[in-house]
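Read off the chains here:
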Amino acid sequence: MPYLCPLCHQPLSQQDKTWKCASNHQFDQAKEGYVNLMPAHHKSSKNPGDNKEMMQARRLFLNAGHYDPMRQVVINKLEQYLPDNAEQLLDIGCGEGYYTSGFAAALADHPALEVHGLDISKVAVRYAAKRYPNCHFCVASSHRLPFADHSLDGMVRIYAPCKAEELKRTIKAGGIIVTVTPAARHLYQLKELIYDGVRLHDMTPESIDGFELVAQSQLHYDMALNGEEATALMQMTPFAWKTSDSVWQQLAQSEQFRCETDFAIRVYQRKA
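For the protein chain, an unreviewed UniProt entry supplies the name 23S rRNA methyltransferase and the organism Photobacterium gaetbulicola.

Okay, structure coming up:
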C-alpha cells in the first residue's frame with residue numbers, strides 16, 4: 001500500500017530506496033526497511049517517542065511474556081471481527097514491533113493482509129523493521145496518518161492516541177478498531193509505590209465519531225516479576241518520571257514483585 005506524503009498529502013510511490021510524490025518530495029527508505037515520514041517541523045522535540053533505554057526496557061519486559069495473554073485476546077478479536085477480505089491492518093504506537101509481528105504471524109489465514117506498524121520513535125521503528133521483515137514499518141505521527149482515505153480494514157491501538165478525524169478518514173466502512181486501555185486496577189501495586197492514595201482508572205468506554213462499539217471485555221490477572229522485569233515495567237510507564245531512587249532500588253532488588261494487570265479491550269466498527 002502506498003503511503004501519503006506528509007507534506008502535500010499526495011500518494012508516494014517507491015523507486016528503489018526512495019519514496020517520492022508528484023511534488024517531488026522525497027523520503028529515503030532506511031537500510032532496515034522502514035521509511036521516516038516525520039518532517040522535522042512536525043516534531044515536538046528532536047527525538048520524540050521512546051528513547052533507546054525505554055525501548056530496551058519495553059523489549060525486555062514484553063519478551064518475558066507477561067503481556068502475552070492480552071496480545072492473544074487482541075488477536076482473537078481481530079480473527080473474529082476483521083473483514084474476511086481484509087488487506088490492510090495498522091498497529092498504531094507499534095514500538096519495537098512485539099504486537100505487530102504477533103498479529104502478522106497469527107493472521108496468516110488472511111493471505112492478502114499487509115500488517116503495518118507506525119510509531120513516532122525512530123529508535124523503536126528501526127529495531128522493529130530490522131527484526132520483523134514480515135511487517136511494514138514507518139516513523140510518523142498518529143495524529144497525521146500517512147495513509148489514504150478509506151484505505152485501512154483494521155487498526156489496533158494499545159494505549160496509543162489518535163485523532164477521531166483520522167480514524168474516520170482512513171478506515172473503510174465496516175472496518176474495525178481494537179483498543180486496549182487500562183482497566184480499573186491496572187498496575188495497582190506499582191502505583192502504590194509512588195502515590196499516597198491510588199485512584200482506580202476510569203473505565204468509561206471511549207466514544208469515537210463514526211464508529212459503533214460492538215464488543216468489550218476485561219482481562220485481569222496477576223504477574224510475578226523478578227527485579228529486572230519489575231524495573232523494566234516501571235521504565236515503560238509514565239510513572240517512571242515520578243519514581244524515587246529508593247523505589248528503583250526496591251524494584252531492582254525484588255526476588256518476586258507481584259503486580260496486577262487489568263486491561264479493557266474494545267472493538268469499534270466503522271459505520272456505513
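Trainee: Would you explain the overall build of the protein chain in this entry?
Mentor: Scanning the protein chain for helices and strands turns up eight helices and eleven strands. Relative to a compact globule of 272 residues, whose C-alpha radius of gyration would be 19 Å, the protein chain shows 19 Å and is just as compact. By its C-alpha atoms, the protein chain is 55 × 40 × 30 Å across when sized along the principal axes. Buried residues in the protein chain amount to 51% of all 272 residues. The long-range fraction of contacts in the protein chain, counting pairs at least 24 apart against all pairs at least 6 apart in sequence, stands at 69%. Surface exposure of the protein chain reaches about 13,100 Å², of which carbon and sulfur atoms provide 46%.

Trainee: Help me out: how do you make sense of the packing of aromatic side chains in this one?
Mentor: Within a pair of aromatic rings, the relevant descriptors are the distance that separates the centres and the angle that separates the planes. By the definition in use, this model includes seven aromatic pairs. Seen in terms of ring centroids, Y3 and W19 are 5.0 Å apart; in terms of plane orientation they differ by 65°. Their pairing is edge-to-face. Note that Y3 is positioned in the segment before β1 (13–15) and W19 in strand β2 (residues 18–20), a separation of 16 residues in sequence. Where Y3 meets F147, the ring centres are 5.8 Å apart and the plane angle is 50°; that geometry is what we call tilted. Note that Y3 is positioned in the segment before β1 and F147 in the loop between β7 (136–139) and β8 (152–158), a separation of 144 residues in sequence. On the basis of relative accessible area, F147 is assigned to the buried category, the value being 0%. Here a set of aromatic residues connected by ring pairs shows up, and it is made of F61, Y67, Y221 and F263. For R185, the ring lying beneath its charged end belongs to Y188, and the centroid distance is 4.1 Å. The side chain of R270 reaches across the aromatic face of F211, ending 5.9 Å from its centre.

Trainee: I keep staring at helix α7 (residues 227–236) and nothing clicks. Help me out?
Mentor: Counting buried residues along α7, seven of its ten residues qualify, which places the element largely inside the surrounding structure. In this structure, the buried side of α7 is in contact with α1 (52–63), α6 (188–192), β10 (211–225), α8 (245–252) and β11 (257–270).

Trainee: How should the pattern of salt bridges be read in this particular structure?
Mentor: Pairing is possible between side chains that carry opposite charge, provided their charged atoms lie close to one another. This model, assessed by the stated rule, comprises nine salt bridges. The partner of D68 in a salt bridge is R71, with the nearest N and O atoms 3.9 Å apart. One end of the pair is D68 and the other is R71, both in helix α2 (residues 68–81) and three residues apart, which spans about a single turn. Of the charged contacts, one joins E206 and R157 as a salt bridge, the two residues approaching to 3.5 Å between their closest N and O atoms. With E206 in the loop between α6 and β10 and R157 in strand β8, this pair connects stretches of sequence that are 49 residues apart.

Trainee: Honestly, the pairing of strand β9 (residues 171–182) in this entry has me stumped. Any pointers?
Mentor: Regular strands have side chains that alternate between both faces of the sheet. Looking at chain direction, β8 and β9 are connected through six bridges and run parallel. Bridging from a neighbouring strand, M155 pairs with I177 of β9. Crossover β8 to β9 through helix α5 (residues 164–170) is right-handed. With seven bridges connecting them, β9 and β11 associate as antiparallel partners. Each residue of the ladder has a partner; that of V178, found in β11, is V267.

Trainee: Sorry if this is basic, but what is going on with the sheet that holds strand β5 (residues 88–92) here?
Mentor: Remark on secondary structure: sheet strands pair via backbone hydrogen bonds, oriented parallel or antiparallel. Judged by pairing direction, the sheet is mixed, and its eight strands sit side by side in the order β4-β7-β6-β5-β8-β9-β11-β10 without closing on themselves. On the outer flanks of this sheet lie β4 (35–36) and β10, each paired with one strand and no other.

Trainee: What exactly am I supposed to notice about helix α4 (residues 122–131) here?
Mentor: One turn of the α-helix equals 3.6 residues, which is why residues spaced by three or four share an orientation. Listing the buried residues of α4 in full gives A124, V125, Y127, A128 and A129. Close packing links the buried residues of α4 with α1, β6 (114–119) and β7.

Trainee: Looking at this model, I keep getting lost on the sheet that holds β1. Mind explaining?
Mentor: Reading across the sheet, the three strands line up as β1-β2-β3 and stay open at both edges, with antiparallel pairing between neighbours. Two strands bound the open sheet, and with one partner strand each, they are β1 and β3 (26–28). The average undirected angle you get between the axes of adjacent strands in this sheet is 30°. The pairing of β1 with β2 spans three bridges and is classified as antiparallel. Looking across to β2, one finds that S13 is bridged to K20.

Trainee: Could you clarify how one ought to interpret the side chain of Q189 in this entry?
Mentor: Locating Q189 in the fold gives a position in helix α6. In this structure Q189 comes out as buried when scored by relative accessible area, which is 18%. Residues contacting Q189, with those up to four places away along its chain left out, are F257, R258, C259 and E260.

Thresholds applied
- Residues numbered from 1 in each chain as written.
- Predicted model: local features only at pLDDT ≥ 70, side-chain atom pairs only at ≥ 80, totals over all residues.
- Heavy atoms only, no water.
- Helix = DSSP H or I, 4+ residues; strand = E, 2+ residues; numbered from the N terminus.
- Rg over C-alpha atoms; globule rule 2.2 N^0.38 Å.
- Buried < 20%, exposed > 50% of the residue type's maximum accessible area, 1.4 Å probe, protein only.
- Contact = heavy atoms within 4.5 Å.
- Areas by Shrake-Rupley, 256 points an atom, 1.4 Å probe, with all protein chains shown as cover.
- Phe/Tyr/Trp six-rings, centres within 6.5 Å; stacked < 30°, edge-to-face > 60°.
- Lys NZ or Arg CZ within 6 Å of the ring centre and 35° of its normal.
- Salt bridge = Lys/Arg side-chain N within 4 Å of Asp/Glu carboxyl O.
- Pairing = 2+ DSSP bridges.
- Right-handed = clockwise from strand over helix to strand, strands pointing away.
- Axes fitted to C-alpha atoms, helices over the stretch in contact; angles between N-to-C directions.

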